[in-house]
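These are the residues of each chain, in order.
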Amino acid sequence: MRVSRLGCLNKMGNFKGFLSTALVFLIFELCLVCCDITDGNTEHLKRENSLMKPYQGVGSSPSSQWDFWGSTLVTSSYVRLTPDERSKQGSIWNTVPCYLKDWEMHVHFKVHGSGKKNLHGDGIAVWYTKDKLHPGNIVHTFRSFPYISAMVNNGSVNYDHGKDGRSSELGGCSAEIRNREHDTYLAIRYSKGRLTVMVDVEDKNEWKECIDIGGVRLPTGYFFGASAATGDLSDNHDIISMKLYQLMVEHTPEEENQDWTKIEPSVSLLKSPKDNIDDPTGNFRGTPLTGWKVFLLLLCALLGIVVCGVVGAVVFQKRQERNKRFY
């Protein structure tokens, strides 16, 4: 079944001091591969965890399913987290916790403003957290292109503002999403300990893989939200929809009997996210070596053995010829 296209993000505006986050997607910059996405079937849509037009469940009443804060403006067509003005902060939060073990979030968003092409201010983020975001200082990320970044934190890792969070980044990719004439989308999938982020920002009705990370452990009972901020630079940061789908996945009896609300947010990596600091491209991937990666490694090793064998044979032959001259 064909799914609706999903949302992406821009250069992120994060709020300092919010360290109890399980999962954060910062919009800074993006790199890409085609990937299969969920069915997007309406029967699997979790309406209590979804934000859709005409946004009837948004407000401060006890029955509201979404609450907003700061500069956020709710209209009939979009939820504007920040206007194209300096020093604004806004967010929107689902008041219903997510108890799905396997899920996929589709985000339809738009980032646009009157500033210069490559000057974004400051960014937007999608959250899956234990608690709502609290106001604080903004992360300023002045990179040459928008960037999408993923982080998992259990409260023990500090966000490095000076390096745009690269020391705690699990993966990311660059994408041109600002001032597009067409819609832009992001898909976030979490299933069987694997976190995958895909984008559709080229108006080709195709998904491009941005991030694929194995060994991710996320608890249930957390809340989805989105936030944005502006500083000296500004943009309109609009959320058109956030749709959560349940993935139909079988689990072992041990997994089913486990209390998923007690899981500690964590990621098992082949190397530390701190190795990201020395990677100026931001192309770090903390994924297992499977599939084509293993094939390439084996191919390189085989070629290395062949080259060494050829060189050894040539050297051996030269020595044999040299020895014959002495007899």
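Here the residue index of a chain counts from 1 through its sequence in written order. Per-residue local features of the predicted model are confined to residues with pLDDT of at least 70, and side-chain atom pairs are confined, for both listing and counting, to 80 or more; whole-chain, interface and lining totals are unaffected and use all residues. Computation of side-chain values covers all heavy atoms of the structure but excludes hydrogens and water.

The name that an unreviewed UniProt entry assigns to the protein chain is Lectin, mannose-binding 2, with the source organism given as Sander lucioperca.

> Looking at this structure, how should I read the overall build of the protein chain?
On a plain count of helices and strands, the protein chain comes out with two helices and 16 strands. Buried positions account for 48% of the 327 residues belonging to the protein chain. Total accessible area computed for the protein chain in this model is approximately 16000 Å², and 53% of it derives from carbon and sulfur atoms. We count a stretch as a helix when DSSP gives it H or I for four or more residues in a row; a strand needs E for two or more, and each element gets its number in order from the N terminus. Relative accessible area decides the class of each residue, using a 1.4 Å probe on protein chains only: under 20% of the type maximum gives buried, over 50% gives exposed, and in between gives partly exposed. Here, Shrake-Rupley sampling with a 1.4 Å probe gives the accessible areas, and only protein chains in the shown set may cover a residue.

> Before we go on, may I ask you to explain the state of the cysteines in this structure?
Put plainly, a disulfide is one covalent bond tying together the sulfur atoms of two cysteines. Here, a disulfide means two cysteine sulfur atoms that sit within 2.5 Å of each other. Applying the stated rule across the entire model yields one disulfide. Between the sulfur atoms of Cys173 and its disulfide mate Cys210 the distance is 1.9 Å. Here the disulfide of Cys173 and Cys210 is left-handed, its torsion about the S-S bond being about -110°. Separated by 37 residues along the polypeptide, Cys173 in strand S9 (residues 171-174) and Cys210 in strand S12 (residues 208-213) bring together distant segments of the chain. The class of Cys173 is buried, set by a relative accessible area of 0%. Take Cys210: its relative accessible area is 1%, and that puts it in the buried class.

> How should the sheet that holds S12 be read in this particular structure?
Strands belonging to one sheet form pairs held by backbone hydrogen bonds; the direction of such a pair is parallel or antiparallel. Read across the open sheet, the seven strands follow the order S3-S4-S15-S6-S10-S11-S12; overall the sheet is antiparallel. Bordering the open sheet on either side are strand S3 (73-74) and S12, each of which pairs with just one other strand. Here a strand pair is declared whenever DSSP counts at least two bridges between the two strands.

> Looking at this structure, I do not really get the packing of aromatic side chains. What am I missing?
For Phe, Tyr and Trp, rings pair up if their centres lie within 6.5 Å, where Trp contributes its six-membered ring, and each pair is then called stacked (planes under 30 degrees apart), edge-to-face (over 60) or tilted (otherwise). A complete count under the given rule lists six aromatic pairs for this structure. For the ring pair Trp93 and Trp127, a centre distance of 6.4 Å and an interplane angle of 45° mean the geometry is tilted. Here Trp93, found in strand S5 (residues 89-94), pairs with Trp127, found in strand S7 (residues 123-129); they are 34 residues apart in sequence, far enough to count as distant. For the pair shown, Trp93 and Trp127 are each scored as buried. Here the aromatic rings of Trp103 and Tyr190 are separated by 6.0 Å at their centres, their planes lie at 40°, and the arrangement is tilted. A residue pair is termed long-range when its members are at least 10 positions apart, and Trp103 in strand S6 (residues 103-112) and Tyr190 in strand S10 (residues 184-191) qualify at 87 residues. Relative accessible area serves as the criterion here: at 1%, Trp103 is assigned to the buried category. With a relative accessible area of 4%, Tyr190 lands in the buried category.

> Could you clarify how one ought to interpret the pattern of salt bridges in this entry?
Any two side chains of opposite charge can pair, so long as their charged atoms come close to each other. We define a salt bridge as a contact between a side-chain nitrogen of Lys or Arg and a carboxyl oxygen of Asp or Glu at a distance within 4 Å. Overall, the coordinates contain 10 salt bridges when judged by the stated rule. Note that Arg80 and Asp238 form a salt bridge whose closest N and O atoms lie 2.7 Å from each other. Taken together, the residues span a long stretch of sequence, with Arg80 in strand S4 (residues 79-82) and Asp238 in strand S15 (residues 236-246) at a distance of 158 residues. On the basis of relative accessibility, which here comes to 16%, the residue Arg80 falls in the buried class. In this structure Asp238 comes out as buried when scored by relative accessible area, which is 3%.

> Where do I start with the pairing of S10 in this structure?
Look at any regular strand and the pattern is simple: side chains alternate between the two faces of the sheet. Among the eight residues that make up S10, seven are buried, leaving the element largely enclosed by the rest of the structure. Inspection of the sheet shows S6 paired to S10 by seven bridges, in the antiparallel sense. Following the sheet pairing, Glu104 is matched in S10 by Arg189. Pairing of S10 with strand S11 (residues 194-200) involves seven bridges; the strand directions are antiparallel. Across the sheet, residue Arg189 finds its bridge partner in S11, namely Thr196.

> Sorry if this is basic, but what is going on with the pairing of strand S14 (residues 223-229) here?
Judged by how many residues are buried, S14 sits mostly within the fold: six of seven residues are covered. Note: S7 against S14, seven bridges, orientation antiparallel. Each residue of the ladder has a partner; that of Gly123, found in S14, is Ala229.

> Is there a simple way to think about unusual backbone geometry in this case?
The linkage connecting Lys53 with the following residue, Pro54, adopts the cis geometry, with an omega of 5°. Take Pro54: it is sitting in the loop between strand S1 (21-27) and strand S2 (66-70). The phi dihedral of Lys192 falls on the positive side, at around 50°, and the residue is not glycine. As for its position among the elements, Lys192 is in the loop between S10 and S11. Residue class for Lys192 comes out partly exposed when judged on its relative accessible area of 47%. Of note in the backbone geometry, Asn205 takes a positive phi value of approximately 55° without being a glycine.

> Explain the confidence of the model for the protein chain to me, please; I cannot follow it from the model alone.
Detailed reading of the predicted coordinates is not advisable wherever pLDDT falls low. For every residue, the pLDDT score states the predictor's confidence, bounded by 0 at the bottom and 100 at the top. Overall, the predicted model of the protein chain reaches an average pLDDT of 76, with 68% of residues at or above 70. Pairs of residues are marked as contacts when any of their non-hydrogen atoms sit within 4.5 Å. Scored below 50 in pLDDT, residues 27-39 shows 75 contacts in the model against residues more than four places distant or in partner chains. Across residues 136-144, confidence stays below pLDDT 50; counting only partners more than four residues off in sequence or on other chains, it has 39 contacts.

> Mind showing me how you'd approach a nonpolar patch on the surface here?
Residues forming no salt bridge and having over 30% relative accessible area are the ones grouped into patches, like charges within 9 Å of each other and nonpolar side chains (Val, Leu, Ile, Met, Phe, Trp, Tyr) within 5 Å. A contiguous nonpolar patch, built from Phe295, Leu296, Leu299 and Leu303 and spanning about 370 Å² of accessible area, is present on the exposed surface. Taking relative accessible area as the criterion, Phe295 reaches 53% and is therefore assigned exposed.

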